[in-house]
Amino acid sequence: MTRTIRWGILSTANIANRRVAPALKATRNGEVAAVASREIDKAQQFATDHGIPKAYGSYGELLTDPEIDAIYIPLPNSEHARWGNLCAEAGKAVLCEKPLARDATEAQMLVSTFAEKQLLLVEGFMYRFHPQTVKVREMLKSGAVGEITALSSAFSFSIRSETNVRLNPILAGGALMDVGCYCINVMRLMTGEEPETARALAHFGASNVDERLAATVQFPSGAIGHFDCGLRGYRTHTYEIRGTEGRILVERGFTMEPGDEHIIRWWHGDDYEEVRTPMANHFTLMAEDFADALLTGRQPRYPATDAVHNMRAIDMVREAAVNHPME
Ligand SMILES: NC(=O)c1ccc[n+]([C@@H]2O[C@H](COP(=O)([O-])OP(=O)(O)OC[C@H]3O[C@@H](n4cnc5c(N)ncnc54)[C@H](OP(=O)(O)O)[C@@H]3O)[C@@H](O)[C@H]2O)c1
């Protein structure tokens, strides 16, 4: 039995170029066998840059390549489910960028299709695989903050180009879909609960997407989470968990670089501790978990159904924000 899987990359997306292609190449159980673009020149350049043997000038050619085991989808958000479905039809396992679909209904349909075909589907929230995230979860499980009462998170950055896919409503752009989805995800991950209610405010720019959004959500336990996200703000990606006995602050919680050292700040009683975790490439760890699941038939660390729950929470916040725009 082969001990490695052969990846195909569906598009020459920025994230694939900067982060994921090198991370896939660095896995112990995978190789990048092909890349496809809508333009053959772009595919060939990407293949040359990353030492990938095959380049295709259409996505369809990649899907019908019998030598490809799994496809990584870094398309604009509106295209995730559409191309995910086509991958399923072609019998390919899929690692899809976040968020999995445009809404929970579309995400559920995609997840059901993959389940029916017994194909592996994983949503690419890579930060969950980082040792820092794993450690925070362990700390919470062992009572580091007592009972969680409140969580907060923020994720924003400043977009450089007005033609960026994130500013296009047709491509399912917007701050909530692009980065707010992490804030929701981490609060769900750390509480182990699904939010029941949401209140939100959003600023819709000339682009007609939510360029800035703030929301409060409530969990069944009574814990309250709040977050803000934005496409035109100073680079921030942080979360904090407060409880009856302590407080944990993660300064850089989502887009950790492989060479960065990370510190979990922990206050409890009258004490303050700094917990350090190993450096890691979370994209590589995520892809290795995916490939292990594919090779052995075991479940991936995070099931695809989690993406449907995340999407439901996004829908709830979006609906609340649309009802309460700031202008
Ligand atoms: N996990 C992370 O850290 C992370 C970071 C950034 C982005 N992402 C996610 O990755 C996805 C891609 O983001 P990105 O910033 O890399 O996007 P991007 O650079 O704009 O790339 C998207 C790619 O999709 C293809 N495409 C197909 N239809 C398109 C259309 N109608 N308009 C524009 N492009 C189209 C293009 O590839 P071809 O021209 O080659 O066909 C394009 O290069 C998004 O879902 C985003 O949420 C994740």
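Residues numbered from 1 in each chain as written. Predicted model: local features only at pLDDT ≥ 70, side-chain atom pairs only at ≥ 80, totals over all residues.

**Things to note about the overall build of the chain**
At step 1: If you tally the helices and strands in the chain, you get nine helices and 14 strands.
At step 2: By principal-axis analysis of the C-alpha atoms, the chain measures approximately 60 × 45 × 40 Å.
At step 3: Counting across all 327 residues of the chain, residues that qualify as buried make up 49%.
At step 4: Contacts in the chain between residues far apart in sequence, at least 24 positions, make up 69% of those at least 6 positions apart. (Helix = DSSP H or I, 4+ residues; strand = E, 2+ residues; numbered from the N terminus. Buried ≥ 20, exposed ≤ 12 C-beta atoms within 10 Å, placed from the backbone. Contact = placed C-beta atoms within 7 Å.)

**Some points on the site of the ligand**
At step 1: As a matter of local geometry, the ligand sits amid 22 residues, with Ser-11, Thr-12, Ala-13, Asn-14 and Ser-37 nearest to it.
At step 2: Counting only domains with at least three residues in the shell around the ligand, you end up with domain 1 (5-124) and domain 2 (127-283 + 311-323). (Near = placed C-beta within 6 Å. Domains from an automatic or database assignment.)

**Remarks on helix H5 (residues 104-116)**
At step 1: Compared with an ideal rise of 1.5 Å per residue, which puts 13 residues at 18 Å, H5 spans 18 Å between its outermost C-alpha atoms and is within 8% of the ideal.
At step 2: Taken together, the buried positions of H5 are occupied by Ala-104, Glu-106, Ala-107, Leu-110, Val-111 and Phe-114. The buried residues of H5 occupy one face: seen down the axis, they fall within an arc of 160°.
At step 3: Positive phi appears at Gln-118, one or two residues downstream of H5, with a value of about 55°. (Expected span 1.5 Å × (residues − 1). Arc of directions from axis to C-beta.)

**Structural notes on the packing of helix H1 (residues 14-25) against helix H8 (residues 282-296)**
At step 1: Contact geometry for H1 and H8: axes closest at 8 Å, N-to-C directions at 55°. Taken together, the axis directions place H1 and H8 in an arrangement best described as oblique. By crossing handedness, the relation of H1 to H8 is classed as right-handed. Listed contacts from H8 to Arg-19, Val-20, Ala-23 and Leu-24 of H1 are Phe-283, Thr-284 and Ala-287. (Axes fitted to C-alpha atoms, helices over the stretch in contact; angles between N-to-C directions. Parallel < 35°, antiparallel > 145°, perpendicular 65-115°, else oblique. Left-handed = near helix turned anticlockwise from the far one by under 90°.)

**A few points about helix H4 (residues 80-89)**
At step 1: Burial in H4 covers these residues: His-80, Ala-81, Gly-84, Cys-87 and Ala-88. Summarising the axial view, the buried residues of H4 lie within an arc of 115°, below the 170-degree limit, and thus occupy one face.
At step 2: Of the surrounding elements, those touching the buried residues of H4 are helix H3 (59-63), strand S4 (70-73), strand S5 (93-96) and H5.
At step 3: At the C-terminal side of H4, Gly-91 shows a positive phi close to 80°.

**Considerations on the environment of Ala-291**
At step 1: Inspection of the secondary structure puts Ala-291 in helix H8.
At step 2: With 132 residues separating them along the chain, Ala-291 and Ile-159 place their C-alpha atoms 33 Å apart.
At step 3: When near neighbours in sequence (up to four residues on either side) are disregarded, Ala-291 contacts Ile-5, Thr-27, Asn-29 and Gly-30.

**A look at the packing of H4 against H5**
At step 1: The interhelical angle for the contact between H4 and H5, taken along N-to-C directions, is 10°, at an axis separation of 10 Å. Relative to H5, the element H4 lies roughly parallel. Of H5, the residues touching H4 (which contributes Ala-81, Gly-84, Asn-85 and Ala-88) are Glu-106, Leu-110, Thr-113 and Phe-114.
At step 2: For the contact of H4 with H5, a count of residues per class yields four nonpolar, three polar and one charged. (Nonpolar A, V, L, I, M, F, W, Y, C, P; charged D, E, K, R; others polar.)

**Overview of the pairing of strand S10 (residues 224-230)**
At step 1: For S10, a buried count of five out of seven residues is recorded, marking the element as mostly surrounded by other parts of the structure.
At step 2: The sheet contact formed by strand S7 (residues 148-158) and S10 spans seven bridges and is parallel. Across the sheet, residue Ala-150 finds its bridge partner in S10, namely Ile-224.
At step 3: Pairing geometry for strand S9 (residues 210-218) and S10, over seven bridges, is antiparallel. Residue pairing for S10: Thr-216 is matched across the bridge by His-226. (Pairing = 2+ DSSP bridges.)

**With respect to the domain arrangement of the chain**
At step 1: Along its sequence, the chain is organised into domain 1 (5-124) and domain 2 (127-283 + 311-323).
At step 2: Measuring from the centre of the C-alpha atoms in domain 1 to the corresponding centre in domain 2 gives 26 Å.
At step 3: Across the contact, 15 residues belong to domain 1 and 13 residues belong to domain 2.
At step 4: Looking at the side of domain 1 that touches domain 2 element by element, the count peaks at three residues for H1.
At step 5: Partitioned by chemical class, the residues of the side of domain 1 that touches domain 2 number nine nonpolar, two polar and four charged.

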